Amino acid sequence: NDMADAGLCAILIKCASMGLQPNKHLGKTTTELRPYFEKLHREYGFHVCGEGGEYETLTIDAPYFVHKIDITEREVIMHSDDMFAPVGYLRVRSTTLVPRERESIHVADPAAELALP
């Protein structure tokens, strides 16, 4: 939730967990999948943040990005078609950069981050 609240948009690019299906879930955003992740957590102990290696992500948009990444061509590669926990990844074949509106770009002041109390 913190990532979504901060304006980050990340998509699944690899999955390796019971309950995740590469052909169904790769390319979807973590925000879209959050309710499903919570269900997997209740049923299997799945870590909703992917901390056990359940999935990997690619950030395609964030407030500090000057351009959003638009994936125009992709394919799902199956590494292991295991019946219970298939492993697959998203091969990004082509992208375009979409300019963000200047008002939507938020760059933090690095000096403020380093300020001592």
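Preceding this paragraph is the structure being described.
Figured I'd write up the structure that's included with this text. Owing to the predicted nature of the structure, the values given are computational and were not obtained by experimental measurement.

How each quantity is defined
Residues numbered from 1 in each chain as written. Predicted model: local features only at pLDDT ≥ 70, side-chain atom pairs only at ≥ 80, totals over all residues. Heavy atoms only, no water. Pairing = 2+ DSSP bridges. Helix = DSSP H or I, 4+ residues; strand = E, 2+ residues; numbered from the N terminus. Contact = heavy atoms within 4.5 Å. 1 Å grid on protein atoms, 1.4 Å probe; cavity = no way out; pocket = protein on both sides within 12 Å on 5 of 7 lines; lining within 4 Å. Points joined across faces, edges and corners; volume = space filled by probe spheres on them. Nonpolar A, V, L, I, M, F, W, Y, C, P; charged D, E, K, R; others polar. Axes fitted to C-alpha atoms, helices over the stretch in contact; angles between N-to-C directions. Core = buried A, V, L, I, M, F, W, Y, C linked by side-chain atoms within 4.5 Å. Buried < 20%, exposed > 50% of the residue type's maximum accessible area, 1.4 Å probe, protein only.

1. A closer look at the pairing of strand β3 (residues 67–80)
So, step 1. Bridge count for β3 against strand β4 (residues 87–99) is twelve bridges, and the pairing is antiparallel. Bridging across to β4, D70 finds its partner in T96.
So, step 2. Hairpin connection between β3 and β4: a loop of six residues separates the two successive antiparallel strands.

2. Focus: the side chain of S17
So, step 1. Considering the arrangement of structural elements, one finds S17 in the loop between β1 (9–16) and α2 (22–25).
So, step 2. Aside from chain neighbours lying at most four places away, what touches S17 is F46, E54, F84, A85 and P86.

3. A look at the layout of surface pockets
So, step 1. Here the largest pocket is characterised by a volume of approximately 350 Å³.
So, step 2. Around the largest pocket sit 14 residues that line it, and N1, M3, T30, R34 and Y55 are the ones nearest its centre.
So, step 3. Looking at the lining of the largest pocket, the elements that each hand over two or more residues are α1 (2–5), α3 (30–44) and β2 (55–61).
So, step 4. The element that contributes the greatest number of residues to the lining of the largest pocket is α3, accounting for four residues.
So, step 5. A class-by-class count of the residues in the lining of the largest pocket yields seven nonpolar, four polar and three charged.

4. Some thoughts on the sheet that holds β4
Backbone-to-backbone hydrogen bonds join strands into a sheet, with any given pair of strands oriented parallel or antiparallel.
So, step 1. Spatially, β2-β1-β4-β3 is the arrangement adopted by the four strands of the open sheet, whose pairing is antiparallel. The sheet is open, and its two borders are formed by β2 and β3, each paired with just one other strand. Here the strands of the sheet are splayed against their neighbours by 20 degrees on average, with no regard to which way each runs.
So, step 2. Here β1 runs beside β4; their pairing, made up of three bridges, is antiparallel. Considered in β4, the bridge of C15 is made with G88.
So, step 3. Sheet strands touched by α3: β1 and β2. Its angle to β1, the strand with the most contacts, is close to 50 degrees.

5. Focus: the nonpolar core
So, step 1. If you look at the biggest cluster of nonpolar residues, it comprises 14 residues, and the most contacted ones within it are I11, L12, L20, L26, F37, F46 and Y55.
So, step 2. Breaking this core down by element, the ones donating at least two residues are β1, α3 and β2.
So, step 3. Filtering out sequence-adjacent residues up to four positions away, F46 remains in contact with S17, L20, F37, L40, H41, E54 and Y55.

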